[in-house]
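# Structural description and commentary
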Amino acid sequence: MRADLDIIQEWIPAGSRVLDLGCGDGELLAWLRDNKQVSGYGLEIDPDNIARCIERGINVIEQDLDKGLGNFASDSFDVVLMTQALQAVDRPDEVLREMLRIGRQCIITFPNFGHWRCRWHLIRHGRMPVSEFLPYTWYNTPNIHFCTFKDFEALCREQHLRVLDRLAVDHQHRDSLSSRLWPNLLGEIGIYRVSRPDAT
Amino acid sequence: MPSVFPTDSVGLVTPLTWHFGEPLTLACGRDLVDYQLVYETYGELNAARSNAVLICHALSGNHHAAGFHSEDDRKPGWWDSCIGPGKAIDTNRFFVVSLNNLGGCNGSTGPASINPATGKPFGADFPVVTVEDWVNSQARLADALGIQRWAAVVGGSLGGMQALQWSISYPERVAHCVAIASAPKLSAQNIAFNEVARQAILSDPEFHGGHFREQGVIPKRGLMLARMVGHITYLSDDAMGQKFGRGLKSEKLNYDFHSVEFQVESYLRYQGEEFSGRFDANTYLLMTKALDYFDPAAAHDGDLVRTLENAKADFCVISFTTDWRFSPARSREIVDALVAAGKNVSYLEVEAAQGHDAFLIPIPRYLHAFRSYMNRIEI
């Protein structure tokens, strides 16, 4: 399983009800179903990914996150998760608010634009960073809302959300002492677990 | 002798008939004392009787869903694109049952059948049947064929409504429900189109209050108009634009009202003409009423979530982007209710230019997903 998914699955209680926003080919949901008795639904818009989900026998619903999540009832899921999609939606703040309306907890992963490589690229070349991990140029990238860990945590504070767990890892999803000490500088990907302030 | 049929066809098929002697009580309160259903089957029923798939037809459909009735048949059954060896509903795996619904005009008991009480055709005296009635009659056919539980009940449009009703009426008897280009109930606009179609038939002087057969005539013009209206709603604006545009039959305009000038007029007249020659006007009225009346949530104060709570099936819902008769939003209502009720459901919104008719057309993405879903069904 993809390394970030392996980290996430540990944060999902067995038997819970999960909504996966941008579920890709359904790898995580299939694993959670087979190993943790998790029932869930994935939202996806890519036809090939949807077909793969159907082949795997997981529940996939063709739905564009940018058109809202109003069709899901409040408090109807234990966990709502979104991996590597926050930076690609029209309004990350609204999606985050909706995720915590629908689910008791949210798990979100996103690339850290404050990583030293990005900073160095910008300082040295004066141009938007392009890397093996984020190979797009500014005009064709689907990633339209890059942020740093600090930015994300500021948004959480604004929305009065509680950060329950956070992990900063490199692009191979390895956790290291240095990325723990200076996450915003040395962490490439952030994995966050957040809840509403009133949640226990 | 080499087969003249394509290798992915079920080949030559022969319709079968089952007589039912036990009265069937209908939603309207009346009993059908004695009736028959015409059906076809494709593939083999396995020893465990666990691989049966029921096909429910739409407004003008019938039991002939796949294969050919003779070597000279120009066209195969109406859903041949999806039923056959290796196709979405793979007859190498599944035993497929496709019937003509009660009230139909292709061999099952309907308005054109003889009323045993009078010795004359039922005509307008045939009871108004509902989707629930159909599902009850289909359950009796399942009993007759020794099928306790369908691996899947599948249908498009009005057929999708029957599939949905199956999951509600007989939760133990449906493992998978596939509802394509369907809706949980008709909108006012849908009912309005049906009413125009009915008025076209009812106001035809040859209709004779539904007893036209006794007069030796058929309300051809009314039925033709009804079909023309219906046909417009099955196609998208884009599909019509691409197919006909403003193309003319002749080189110049005639400045009169009786000439067929535009290609689209010619097409609609042809469709109406062809349909009025093969379909029964009373059946058309019945089918539109069954559509209008379908509203399973009405029994639960309009709460579709509660209506679906007892369903035990897994669901696959498919819609098409340019379908404005049963738009994707209507399929979403079904999906949202199923999610809220905690049911397994997958939903696909297929990009297609063909409007409501898309469910009959071999669109690669649709067929691929449909086949993937059917293939994962355990039998």
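Residues numbered from 1 in each chain as written. Chains lettered and ligands numbered in written order. Predicted model: local features only at pLDDT ≥ 70, side-chain atom pairs only at ≥ 80, totals over all residues. Heavy atoms only, no water.

Within an unreviewed UniProt entry, the label attached to chain B reads Homoserine O-succinyltransferase, and the organism entered is Pseudomonas mangrovi. Here chain B is described in UniProt, under the heading Subunit (unreviewed entry), as follows: "Homodimer." On record in UniProt, under Pathway (unreviewed entry), the comment for chain B is "Amino-acid biosynthesis; L-methionine biosynthesis via de novo pathway; O-succinyl-L-homoserine from L-homoserine: step 1/1." (UniProt positions renumbered as here; feature names shortened; annotations may be inferred.)

Within an unreviewed UniProt entry, the label attached to chain A reads Methionine biosynthesis protein MetW, and the organism entered is Pseudomonas mangrovi.

## Observations concerning the packing of helix α3 (residues 188–202) of chain B against helix α7 (residues 281–293) of chain B
Residue and element names in this part refer to chain B. Running from N to C, α3 and α7 point in directions that differ by 160 degrees, and their axes come no closer than 10 Å. Looking at the two axes, α3 sits roughly antiparallel to α7. For the crossing formed where α3 meets α7, the hand is left-handed. Note on element contacts: α7 touches α3 through Ala281, Tyr284, Leu285, Thr288, Lys289, Leu291 and Asp292, opposite Ile191, Asn194, Ala197, Arg198, Ile201 and Leu202. (Axes fitted to C-alpha atoms, helices over the stretch in contact; angles between N-to-C directions. Helix = DSSP H or I, 4+ residues; strand = E, 2+ residues; numbered from the N terminus. Parallel < 35°, antiparallel > 145°, perpendicular 65-115°, else oblique. Left-handed = near helix turned anticlockwise from the far one by under 90°. Contact = heavy atoms within 4.5 Å.)

## Focus on the pairing of strand β8 (residues 95–99) of chain B
All names here are of chain B. In terms of residue burial, β8 counts as a mostly covered element, since 5 of its 5 residues are buried. Every second residue of β8 is oriented toward a common face, with Phe95, Val97 and Leu99 on one face and Val96 and Ser98 on the other, all of them buried. Where strand β4 (residues 35–42) and β8 come together, 4 bridges link them in antiparallel fashion. Among the inter-strand pairings, glutamate 40 is bridged to a residue of β8, identified as serine 98. (Buried < 20%, exposed > 50% of the residue type's maximum accessible area, 1.4 Å probe, protein only. Pairing = 2+ DSSP bridges.)

## What to know about the UniProt feature "binding site: substrate" (unreviewed entry) in chain B
All names here are of chain B. Cross-referencing UniProt, the feature "binding site: substrate" (unreviewed entry) maps to Arg227 and Asp357 in the present numbering. Taken together, the annotated residues stretch across 131 residues yet fold into one region, lying no more than 13.9 Å apart by C-alpha. For arginine 227, a relative accessible area of 8% translates into the label buried. Ignoring anything within four residues of it in the chain, the contact list for arginine 227 reads Ser60, Tyr234, Gln271, Gly272, Phe275, Arg278 and Tyr284. Looking at the secondary structure, you find aspartate 357 in the loop between β12 (345–350) and α10 (364–375).

## A closer look at the interface of chain B and chain A
Between chain B and chain A, the contact holds 19 residues from the first and 17 residues from the second. A combined buried area of about 1500 Å² lies between chain B and chain A, and 49% of that area is made up of carbon and sulfur atoms. Sorting the residues of chain B by area buried against chain A places B:Val339, B:Arg365 and B:Arg376 first, and these three jointly supply 31% of that buried surface. Taken together, the connections running from chain B to chain A amount to 1 salt bridge. A:Glu62 is paired through a salt bridge with B:Arg365; the nearest N and O atoms lie 2.7 Å apart. Our count for the chain B to chain A interface comes out at 13 residue pairs in polar contact (both at pLDDT 80 or more). Residue assignment for the side of chain B that touches chain A shows that the elements contributing at least two residues are α9 (328–340), β12 and α10 of chain B. Residues belonging to the side of chain B that touches chain A are distributed by class as follows: 8 nonpolar, 5 polar and 6 charged. (Buried area = accessible area lost by both parts, 1.4 Å probe. Salt bridge = Lys/Arg side-chain N within 4 Å of Asp/Glu carboxyl O. Polar contact = N/O pair within 3.5 Å; in protein donor to acceptor, adjacent residues only side chain to side chain. Nonpolar A, V, L, I, M, F, W, Y, C, P; charged D, E, K, R; others polar.)

## A word on the domain arrangement of chain B
One frequently used descriptor of interface size is the decrease in accessible area upon assembly of the parts. Residue and element names in this part refer to chain B. Domain annotation for chain B reports domain 1 (16–185 + 296–375) and domain 2 (190–288). Between the C-alpha centres of domain 1 and domain 2 there is a distance of 26 Å. The interface is formed by 30 residues belonging to domain 1 together with 27 residues belonging to domain 2. Both sides of the domain 1 and domain 2 interface together cover about 2400 Å² of buried area, and 60% of this is carbon and sulfur. Area buried by domain 1 at its contact with domain 2 is led by Leu59, Trp324 and Arg325, which between them contribute 31% of it. Taken together, the links from domain 1 to domain 2 amount to 0 salt bridges. Across the side of domain 1 that touches domain 2, the residue classes tally to 16 nonpolar, 9 polar and 5 charged. (Domains from an automatic or database assignment.)

## Concerning the UniProt feature "active site" (unreviewed entry) in chain B
Residues and elements named next belong to chain B. UniProt tags Ser157, Asp323 and His356 as "active site" (unreviewed entry). Spatially, the listed residues are clustered: although they cover 200 residues, their C-alpha atoms lie within 10.7 Å of one another. Structurally, the position occupied by serine 157 is in the loop between β9 (152–156) and α2 (158–169). When residues no more than four places from it in sequence are discounted, the contact partners of serine 157 are Ala58, Ile180, Ala181, Ser182, Phe326, His356 and Phe359. You can see aspartate 323 is positioned in the loop between β11 (314–320) and α9. Given a relative accessible area of 2%, aspartate 323 falls into the buried group. Those residues within four positions of aspartate 323 in sequence are excluded, and the remaining contacts are Ala181, Pro328, Gly355 and His356. Polar side-chain contacts of aspartate 323 include one of 3.0 Å to the backbone nitrogen of arginine 325.

## Quick word on the nonpolar core
Grouped together as the largest cluster of nonpolar side chains are 102 residues, with contacts concentrated most on A:Leu19, A:Leu21, A:Ile108, A:Phe152, B:Val97, B:Trp150 and B:Tyr284. For this core, the leading source of residues is α7(B), giving 7 residues. When we break this core down by domain, the ones giving at least three residues each are domain 1 (16–185 + 296–375) and domain 2 (190–288) of chain B. Here A:Leu19 is in contact with A:Tyr41, A:Leu43, A:Phe72, A:Phe77, A:Val79, A:Val80, A:Leu81 and A:Ile102, once residues within four sequence places are set aside. Listed in part, the 59 residues of the second largest apolar core include A:Val60, A:Val169, B:Ile83 and B:Ile180. (Core = buried A, V, L, I, M, F, W, Y, C linked by side-chain atoms within 4.5 Å.)

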